[in-house]
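Here's the letter readout for the chains.
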Amino acid sequence: MTDLVIIDAGGANLGSVRAAFARLGVAPELSRDPARIATAERLVLPGVGAAAPVMDTLRASGIDVLLRGLRTPLLGVCIGMQVLFERSEEGNVAGLGLLGGQVRKLPASPGIRMPHMGWNRLARRVASPLLDGIDEGAQAYFVHSYGVVGSADAIAESEHGSTFCAAVARGNIAGAQFHPERSGAVGARFLRNFLSWNPA
């Protein structure tokens, strides 16, 4: 059994992320205790809403400092992925700085609705064990108005008016802008891949 801890940063999707792992036979623990988080074999940081409240929660408990020093495999989901980066335009808030780059508001364009909500195609950018078994063009479920553009750490991108990072990975850090817990078989495979991921 994988020792998986979901970091409780107050996201409304905590229950659904937990249930998604339970369907894979894993019983994750929910915690915002730095001592417990430091001992986990794998970490997931979910988040919905805005970056600032998530960062406030992480800073208040010292988890932000802890995460910067860990080498534990860490997966950020949606806002949880966005706060892995240096800064977000949403509230002009500093992120964890685990990945280089900034989160920016997706540009409005004719016929493009914001927030970006619904199913969209994934385009593979580089080979990654996190994408094993996920077909080129497979669909995942998104809900967001902000995203990361042009990151060197992108392993998959998607497009909604413009191209943005759908999934990222560098070292022990991974992120999904889409919601794996709401993305059916594609999301389940991504989470299963994370459970067996052994970053260099």
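Here's a quick rundown of the structure. Per chain, the residues get numbers from 1 upward, laid out in the order the sequence is written. Only residues with pLDDT of at least 70 are given local features in this predicted model, and only at 80 or more are side-chain atom pairs given and counted; all residues enter the totals for whole chains, interfaces and linings. Derived side-chain values reflect all non-hydrogen atoms in the structure, with water molecules and hydrogen atoms excluded from consideration.

Concerning the packing of aromatic side chains
Given two aromatic rings, one states the distance between the centres and the angle between the planes to describe the pair.
Link 1 in the chain: Ring pairs are drawn from Phe, Tyr and Trp, using the six-membered ring of Trp, whenever the two centres fall within 6.5 Å, and their geometry is named by plane angle: stacked under 30 degrees, edge-to-face over 60, tilted for the rest. Counted under the stated rule, the structure contains five aromatic pairs.
Link 2 in the chain: Measuring from ring centre to ring centre gives 5.7 Å for Trp119 and Tyr141, while their planes differ by 70 degrees; the resulting arrangement is edge-to-face. You can see Trp119 sitting in strand E8 (residues 116-121) and its partner Tyr141 sitting in strand E10 (residues 139-144), a full 22 residues away along the chain.
Link 3 in the chain: Only protein chains enter the calculation, and the probe is 1.4 Å; a residue is then buried if its accessible area is under 20% of its type maximum, exposed if over 50%, and partly exposed in between. Residue class for Trp119 comes out partly exposed when judged on its relative accessible area of 47%.
Link 4 in the chain: On the basis of relative accessible area, Tyr141 is assigned to the buried category, the value being 13%.
Link 5 in the chain: Ring centres 5.5 Å apart and planes at 85 degrees place the aromatic pair Phe142 and Phe164 in the edge-to-face group. The way it works is that DSSP assigns letters per residue, a run of H or I at least four long becomes a helix, a run of E at least two long becomes a strand, and they are numbered from the N terminus.

Some remarks on the sheet that holds strand E14 (residues 173-176)
Link 1 in the chain: Within the open sheet, the eight strands sit side by side as E2-E1-E3-E4-E14-E13-E12-E9. Their pairing is mixed. Of all strands in the sheet, those bounded by a partner on one side alone are strand E2 (29-31) and strand E9 (123-124).
Link 2 in the chain: Here strand E13 (residues 162-170) runs beside E14; their pairing, made up of four bridges, is antiparallel. Pairing of Ala169 across the sheet is with Ala174, part of E14.
Link 3 in the chain: Only heavy atoms matter for contacts: two residues are in contact if any of them lie within 4.5 Å across the pair. As a rule, the C-alpha atoms of each element are fitted with a line to give its axis, helices using only the stretch in contact, and angles between N-to-C directions run from 0 to 180 degrees. Along the sheet face, helix H1 (residues 14-22) touches strand E1 (4-7), E2 and strand E3 (42-45) and points at about 165 degrees away from the line of E1. Paired strands, as defined in this entry, are two strands with at least two bridges between them according to DSSP.

Here's the deal with unusual backbone geometry
Link 1 in the chain: With a phi close to 60 degrees, Cys78 is a non-glycine residue in the positive phi region.
Link 2 in the chain: Looking at the secondary structure, you find Cys78 in the loop between strand E4 (74-77) and helix H5 (79-82).
Link 3 in the chain: Unlike most non-glycine residues, Asn92 shows phi in positive territory, near 50 degrees.
Link 4 in the chain: Note on placement: Asn92 falls in the loop between strand E5 (87-88) and strand E6 (93-94).

What to know about the sheet that holds E6
Each strand in a sheet pairs with its neighbour through backbone hydrogen bonds, running either in the same direction (parallel) or in the opposite one (antiparallel).
Link 1 in the chain: Pairing in this open sheet of four strands is mixed, and the strands run E6-E5-E7-E11 from one edge to the other. Each having just a single partner strand, E6 and strand E11 (146-148) make up the two edges of the open sheet.
Link 2 in the chain: In this sheet, strand E7 (residues 102-105) lies alongside E5 in parallel orientation, the contact comprising two bridges. Paired with Arg87 across the strands is Gln102, a residue of E7.

What to know about helix H6 (residues 184-196)
Link 1 in the chain: Working rule for helices: expected span equals 1.5 Å times residues minus one. Taking 1.5 Å as the rise per residue, H6 with 13 residues should run 18 Å; its terminal C-alpha atoms sit 19 Å apart, in good agreement.
Link 2 in the chain: Those residues of H6 that fall on the buried side of the exposure criterion are Val186, Gly187, Phe190, Leu191, Asn193, Phe194 and Leu195.

So far we have only geometry, and geometry alone does not tell us how the molecule works.
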